[in-house]
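As a plain string of letters, each chain reads:
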Amino acid sequence: WEGMEGEGILKRVLFWDFDGTIIYPNESFLDALDRTVRRFGFEIERGDMRRFLHRACSWYSPEVSYENEIGGCWWRRLFGRFEIFFEGYGIPRVFYPEMEEFFRGLILDFRNYRLYEDAEGVLRECLERGYLNYIVSNNFPELPRVVERLGLGNYFAGYVVSSAVGYEKPRAEIFQRALRAAGDPEICYMIGDNPIADIRGGHEVGMKTVLVHTAGSCEADWSCARLAEIPAILV
């Protein structure tokens, strides 16, 4: 990016969501929890696990900030909730450390995520057109490592992940953190599949917004069925 700060040259940035935007939608936490419980010989209804995760995962409660419980503390808080859940189903505590390690291993395994076929090409084209790419995601702290293992590390200038900053989208704080990380760009877009977390959240801090892979939103500035449509709308 050397030279892009020169006189008359605008800093242009694209902020990308991850789940459902760059990768296909998934229920990675539910799938990992299901696999973990079965791996250790126990049975819990999948619907019960889904309801539990909606209470346990920080991104389902964006109104709650947790600046003092980020990184490793975020995992410890989550696993504390897991242990209460496991105890309610009679799973002996002796299994908890191994179950938690197995679960986390599944979440961090890049093979459990599938890129949209046009993702890499679009990210490359945006870079070639003079845009910096950043990820802004409600996700686990090690997300940058997973993105790199997926082969996309060279396309991103930085990452702002909720569990590393203590705020979830659509909170303004996480977007403001992203803008500061990107050097307060003059031109910026938020690209995502969630009309609330990505589109409304981005709009509220003054970003242009692009809704992808999702039915149209009256709040989005543009709506694209495929990532490949994005370069054509950029300034």
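Residues numbered from 1 in each chain as written. Predicted model: local features only at pLDDT ≥ 70, side-chain atom pairs only at ≥ 80, totals over all residues. Heavy atoms only, no water.

Moving on, we get to the side chain of Asp 198. Tracing the backbone through its elements, the reader meets Asp 198 in helix α9 (residues 195-204). Within the local environment of Asp 198, its side chain forms a polar contact with the side chain of Lys 169, the two groups lying 2.6 Å apart. Every residue in contact with Asp 198, bar those within four places of it in the chain, is listed here: Asp 17, Lys 169, Phe 175, Met 190, Gly 192, Asp 193 and Thr 209. (Helix = DSSP H or I, 4+ residues; strand = E, 2+ residues; numbered from the N terminus. Polar contact = N/O pair within 3.5 Å; in protein donor to acceptor, adjacent residues only side chain to side chain. Contact = heavy atoms within 4.5 Å.)

Let us look at the pattern of salt bridges. Taken as a whole, this structure holds 17 salt bridges when the rule is applied. For the salt bridge of Glu 142 with Arg 104, the shortest nitrogen-to-oxygen distance reads 2.6 Å. In this pair, Glu 142 is assigned in the loop between β2 (131-137) and α6 (143-149) and Arg 104 in helix α4 (residues 96-107), connecting sequence segments 38 residues apart. Take Glu 142: its relative accessible area is 12%, and that puts it in the buried class. Note that Arg 111 is salt-bridged to Asp 109, the shortest N-O span being 2.9 Å. Among the residues examined, Asp 109 registers a relative accessible area of 18% and is labelled buried. Among the charged side chains, a network of salt bridges with common partners joins Glu 27, Asp 31, Asp 34, Arg 38, Glu 43, Arg 46 and Arg 50. (Salt bridge = Lys/Arg side-chain N within 4 Å of Asp/Glu carboxyl O. Buried < 20%, exposed > 50% of the residue type's maximum accessible area, 1.4 Å probe, protein only.)

To continue, consider the confidence of the model for the chain. Taken residue by residue, the chain gives an average pLDDT of 95. The fraction at 70 or more is 95%. Residue range residues 1-7 is modelled with pLDDT below 50. Its contacts to residues more than four positions away, or to other chains, number ten contacts. (pLDDT = per-residue confidence, 0-100.)

On to the state of the cysteines. Any covalent bond linking the sulfur atoms of two cysteines counts as a disulfide. Across all of its chains, the model carries zero disulfides by this definition. Not part of a disulfide, Cys 126 finds its nearest cysteine sulfur in Cys 224, a span of 11 Å. For Cys 126, a relative accessible area of 0% corresponds to the buried category. (Disulfide = S-S within 2.5 Å.)

Axis separation between helix α1 (residues 28-39) and α4 bottoms out at 9 Å; the angle between their running directions is 140°. Taken together, the axis directions place α1 and α4 in an arrangement best described as oblique. Two packed elements cross with a definite hand, and for α1 against α4 that hand is right-handed. Counting all contacts with α1, which are made through Ser 28, Phe 29, Ala 32, Leu 33, Arg 35, Thr 36, Val 37 and Arg 39, the residues of α4 involved are Met 99, Phe 102, Phe 103, Leu 106 and Ile 107. Looking at the contact of α1 with α4 residue by residue, the class counts come to nine nonpolar, two polar and two charged. (Axes fitted to C-alpha atoms, helices over the stretch in contact; angles between N-to-C directions. Parallel < 35°, antiparallel > 145°, perpendicular 65-115°, else oblique. Left-handed = near helix turned anticlockwise from the far one by under 90°. Nonpolar A, V, L, I, M, F, W, Y, C, P; charged D, E, K, R; others polar.)

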